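Single-letter residue listing:
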Amino acid sequence: MKGKLIVFEGGEGGGKTTQIQLLRDWLLKQQQSSPFLSKSIDLEVIITREPGGTKLGQALRGLLLDTNVSGEQIHERAELLLYAADRAQHIEALIKPLIERGAIVLCDRFTDSTIAYQGYGRGLDLELIQQLNHIATGGLNSDLTFWLDIDINIGLARAKNRGKIDRMEQADMRFHQLVKKGYQELAKTNNLIVRIDANMTREKVQEQIQEIMEQKLKEWVDILPNK
Ligand code: T5A
């Protein structure tokens, strides 16, 4: 039995956390009564995130997002390796076992975040990042990625309104522009990345996501666990 890995990506404050929860609720409803599926499905839907999907990951998340790690600046290569360490643990301890038992894993950020943030944003070597991503994931890829594309100023304003600003959110505007460029380039070459206009209301954003998910569930219905 094989589950699916669905990833949510994008710049700061794009609404990933909000949309993942709405999608989980919608997916669970589909197994009770779905007007578009030919048979009943039995879904286990798990939400997780990077960094911070495991105990080790939570400790790494503290180091990565804390605005002041003992007053010392985190070097960009150290930052890259910490995200990779979080991912390697996440894959082995959580994601791989879940996928093997047929679950649908909804993951807030994955390998494309490293390409967009450390590759395009920090300017680290993209080929090297691809190799590191491969080492960290052991070759496990996303089955579908929603890129929540949001205007940078709107996203940062939303993140600010929510409360404390983390180390990555404090980066300058140029950094956030480069990150956005990274997602644009990724979406051009990978047709498993679907762009979602995230500047709308929560409901309108979720509608776009559900429309895509409906198509995917129809495609996957025969390999997902039956009731
Ligand atoms: N990172 C991560 C790397 O640099 N490399 C990597 O390899 C990885 C994995 C993670 C940071 O680490 C970096 C990227 C990030 O900088 P994080 O806390 O997970 O940090 O940060 P984000 O992923 O950016 O998450 P945020 O919590 O900032 O934003 P979300 O989850 O996209 O948005 P959400 O849902 O929390 O919404 C933000 C606010 O907006 C409101 C919400 O209620 C909330 O208050 N909101 C809306 N308001 C109006 N209209 C809508 N449609 C709204 N949707 C949500």
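Structural notes, computed from the coordinates. (Residues numbered from 1 in each chain as written. Predicted model: local features only at pLDDT ≥ 70, side-chain atom pairs only at ≥ 80, totals over all residues. Heavy atoms only, no water.)

1. Here's the deal with the packing of helix α1 (residues 16-32) against helix α8 (residues 202-220)
The interhelical angle for the contact between α1 and α8, taken along N-to-C directions, is 45°, at an axis separation of 10 Å. By the angle between their directions, the pair α1 and α8 is classed as oblique. By crossing handedness, the relation of α1 to α8 is classed as right-handed. Between α1 and α8, the contacting residues are Thr-18, Gln-19, Leu-22, Leu-23, Trp-26, Leu-27 and Gln-30 on the first element and Arg-202, Val-205, Gln-206, Ile-209, Gln-210, Met-213, Glu-214 and Leu-217 on the second. (Axes fitted to C-alpha atoms, helices over the stretch in contact; angles between N-to-C directions. Helix = DSSP H or I, 4+ residues; strand = E, 2+ residues; numbered from the N terminus. Parallel < 35°, antiparallel > 145°, perpendicular 65-115°, else oblique. Left-handed = near helix turned anticlockwise from the far one by under 90°. Contact = heavy atoms within 4.5 Å.)

2. Concerning the site of the ligand
Residues in contact with the ligand amount to 26 residues; listed here are only the nearest, Lys-16, Thr-17, Thr-18, Arg-109 and Arg-162. With respect to the ligand, the backbone of Gly-15 contributes an N or O atom lying 2.9 Å from an oxygen atom. Take Thr-17: an N or O atom from its side chain is 2.4 Å from an oxygen atom of the ligand. Protein chains bury 87% of the 1000 Å² of accessible surface belonging to the ligand in isolation. Of all the secondary-structure elements, those providing two or more residues to the shell around the ligand are α1, α2 (55-65), α3 (76-100), α4 (111-121) and α6 (152-162). Looking at the shell around the ligand, its residues break down into six nonpolar, nine polar and 11 charged. (Near = heavy atom within 4 Å. Polar contact = N/O pair within 3.5 Å; in protein donor to acceptor, adjacent residues only side chain to side chain. Areas by Shrake-Rupley, 256 points an atom, 1.4 Å probe, with all protein chains shown as cover. Nonpolar A, V, L, I, M, F, W, Y, C, P; charged D, E, K, R; others polar.)

3. Some words on the packing of aromatic side chains
The relation between two aromatic rings is expressed through the spacing of the ring centres and the mutual angle of the planes. On inspection of all chains with the given rule, the structure shows three aromatic pairs. With centroids separated by 6.2 Å and ring planes inclined at 20°, the aromatic side chains of Trp-147 and Tyr-183 adopt a geometry described as stacked. With Trp-147 in strand β4 (residues 144-149) and Tyr-183 in helix α7 (residues 173-189), this residue pair connects regions lying 36 residues apart in the sequence. When the ring centre of Phe-110 is taken as reference, the NZ or CZ atom of Arg-87 above it lies at 5.6 Å. (Phe/Tyr/Trp six-rings, centres within 6.5 Å; stacked < 30°, edge-to-face > 60°. Lys NZ or Arg CZ within 6 Å of the ring centre and 35° of its normal.)

4. Description of the sheet that holds β4
Sheets are built from strands paired through backbone hydrogen bonds, the pairs being either parallel or antiparallel. Judged by pairing direction, the sheet is parallel, and its five strands sit side by side in the order β2-β3-β1-β4-β5 without closing on themselves. Strands at the two margins of the open sheet, each flanked by one partner only, are β2 (45-49) and β5 (193-197). With strand direction ignored, the average angle separating the axes of adjacent strands in the sheet is 20°. In this structure, β2 lies alongside strand β3 (residues 104-108), joined through five bridges in parallel fashion. Note on β3: the bridge partner recorded for Thr-48 is Cys-107. Contacting β1 (4-9), β4 and β5, α8 runs over the sheet at an angle of about 170° to β4. (Pairing = 2+ DSSP bridges.)

5. Regarding unusual backbone geometry
Pro-51 follows Glu-50 through a cis peptide bond whose omega is -10°. Position of Pro-51 relative to the elements: it lies in the loop between β2 and α2. Even without being a glycine, Arg-109 presents a positive backbone phi close to 80°. Position of Arg-109 relative to the elements: it lies in the loop between β3 and α4.

The quantities given are spatial measurements derived from coordinates; they are silent on function.
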